[in-house]
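Understanding the architecture of this molecule
Okay, here's what each chain looks like letter by letter:
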Amino acid sequence: MEMKTIVPPIKSQGIKTKLVPWIMDVADKAHSNGKWIEPFMGTGVVAFNSGFKEALLNDTNPHIINFYKGIQDGTITPAIVKHYLEKEGKKLLTADDNGYAYFKEVRDRFNKDFSSLDFLFLSRAGFNGMMRFGGKGNWNIPFCKKPNRFNQAYITKIVNQVSKVKSVINNHWIFTNKNFSDIIPVATKDDIIYCDPPYFGRYVDYYNGWTEQDEELLFNLLSETRAKFILSTWHHNDYRDNEMIKKL
Ligand SMILES: C[S@@+](CC[C@H](N)C(=O)[O-])C[C@H]1O[C@@H](n2cnc3c(N)ncnc32)[C@H](O)[C@@H]1O
């Protein structure tokens, strides 16, 4: 029977929701009985569908890590998210300027306090579910232009996503905010590493700078690891090939 993919409450442009069945098909063939490791977890969609009891999930973006740690330690619950989104959604709906004024208020508040709930708000009220940070680590995606964004059906959808994610995260899952080079070397031969790094030569933001040196370091660390690994990357687009594939 085909399983339904667990969809995370936060969004980003690199999200692999549609590739999950394919990635897990490859992972199943590895018959790993160790940990699921993601040095670049992003939204976490792959991990949440991995079925592993033990996981090591890492990202340089602290907001992602704090958000999921909050779900793990119970400071963010479905009830808290519901209450927060109802309250903030009402303010967005009744704000001046078709919601723009309130979106900006939440954005400015997040850029000072970095609250995980405001992070969720921005992720779900930003343009096209994108996540991007400016030169000072400030939220850099504009409003989706929908003042009624947090209607009841949408809130229920997000709250259900929080519940679902909460049900798969257990105490054997570890979330860390480090560079990938601190994560890959800790993998043992029983583990499986899923690597989904920023794509060399594509977009860059505060948490997604990716150089040729990073690409080489990743190559070296994956060459040395005793764990099995899966690497997502890009092959070519309309303009050019990913030269790193040939090089490394
Ligand atoms: C392509 S996204 C991962 C998407 C994820 N697989 C998903 O489905 O949502 C790459 C992630 O790597 C993180 N990242 C960028 N540079 C990093 C580094 N040097 N070490 C660890 N994580 C990094 C970014 O913050 C971003 O979340």
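Above this text sits the structure in question.
So, here's what we can say about the structure. Computed from a predicted model, the values in this text were never measured in an experiment.

1. Some words on the sheet that holds strand β4 (residues 192–195)
Spatial strand order, β3-β2-β1-β4-β5: five strands in an open sheet with parallel pairing. Each edge of the sheet is formed by a strand with only one pairing partner; in this case those strands are β3 (173–176) and β5 (228–231). The average angle at which neighbouring strand axes cross in this sheet is 15 degrees, direction not considered. Pairing between strand β1 (residues 36–38) and strand β2 (residues 55–58): three bridges, direction parallel. Paired with Trp36 across the two strands is Ala55, which belongs to β2. The strands that helix α1 (residues 20–28) touches are β1, β4 and β5; relative to β5, the one it contacts most, it runs at about 160 degrees.

2. Considerations on the site of the ligand
In the region of the ligand, 21 residues are neighbours, and Lys16, Thr43, Asp59, Asn179 and Asp196 sit closest. Separating a nitrogen atom of the ligand from a side-chain N or O atom of Asn179 is a distance of 2.6 Å. Between the ligand and the protein, one listed contact pairs a nitrogen atom with a side-chain N or O atom of Asp196 at 2.7 Å. Grouping the amino acids of the shell around the ligand by side-chain chemistry returns nine nonpolar, eight polar and four charged.

3. So, the nonpolar core
Grouped together as the largest cluster of nonpolar side chains are 56 residues, with contacts concentrated most on Trp36, Tyr68, Val81, Phe119, Phe121, Trp139 and Phe150. Two domains each provide a minimum of three residues to this core, namely domain 1 (17–71 + 175–247) and domain 2 (82–166). Not counting the four nearest positions on each side in its chain, Phe150 is found in contact with Leu85, Gly89, Leu92, Phe121, Arg124, Ala125, Ile155 and Ile158.

4. Side note on the side chain of Ser50
Among the structural elements, Ser50 can be located in the loop between α2 (45–48) and β2. Here Ser50 falls in the buried class, since its relative accessible area comes to 9%. A polar atom in the side chain of Ser50 sits 2.8 Å from the backbone oxygen of Ala47. Not counting residues within four places of it along the chain, the set of residues in contact with Ser50 comprises Met24 and Trp36.

About the cut-offs
- The residue numbers shown here count from 1 along each chain, following its written sequence.
- Two thresholds apply to this predicted model, a pLDDT of at least 70 for residue-level local features and 80 or more for giving and counting side-chain atom pairs, whereas whole-chain, interface and lining totals are computed over all residues.
- The side-chain figures draw on all heavy atoms in the structure; neither hydrogens nor water molecules are used.
- By definition, two strands form a pair when at least two bridges between them are found by DSSP.
- We count a stretch as a helix when DSSP gives it H or I for four or more residues in a row; a strand needs E for two or more, and each element gets its number in order from the N terminus.
- Every angle, taken between N-to-C directions, lies between 0 and 180 degrees, and every axis is a line fitted to C-alpha atoms, over only the stretch in contact when it is a helix.
- By definition, residues are in contact when any of their heavy atoms lie within 4.5 Å.
- Whether a residue is near a molecule or strand is decided by its heavy atoms; if any one of them lies within 4 Å of it, the residue is near.
- Under the rule applied, a polar contact is a pair of N or O atoms within 3.5 Å (in protein, one hydrogen donor and one hydrogen acceptor; residues adjacent in sequence only if both atoms are side-chain atoms).
- Gly counts as polar in this scheme, as do all residues outside two lists: the nonpolar Ala, Val, Leu, Ile, Met, Phe, Trp, Tyr, Cys and Pro, and the charged Asp, Glu, Lys and Arg.
- Think of a nonpolar core as a cluster: buried Ala, Val, Leu, Ile, Met, Phe, Trp, Tyr and Cys residues, connected wherever their side-chain atoms sit within 4.5 Å.
- For each residue, the accessible area found with a 1.4 Å probe, counting protein chains only, is set against the maximum for its type, and the residue is called buried under 20%, exposed over 50%, and partly exposed in between.
- For every domain, the bounds stem from an assignment made automatically or drawn from a database.

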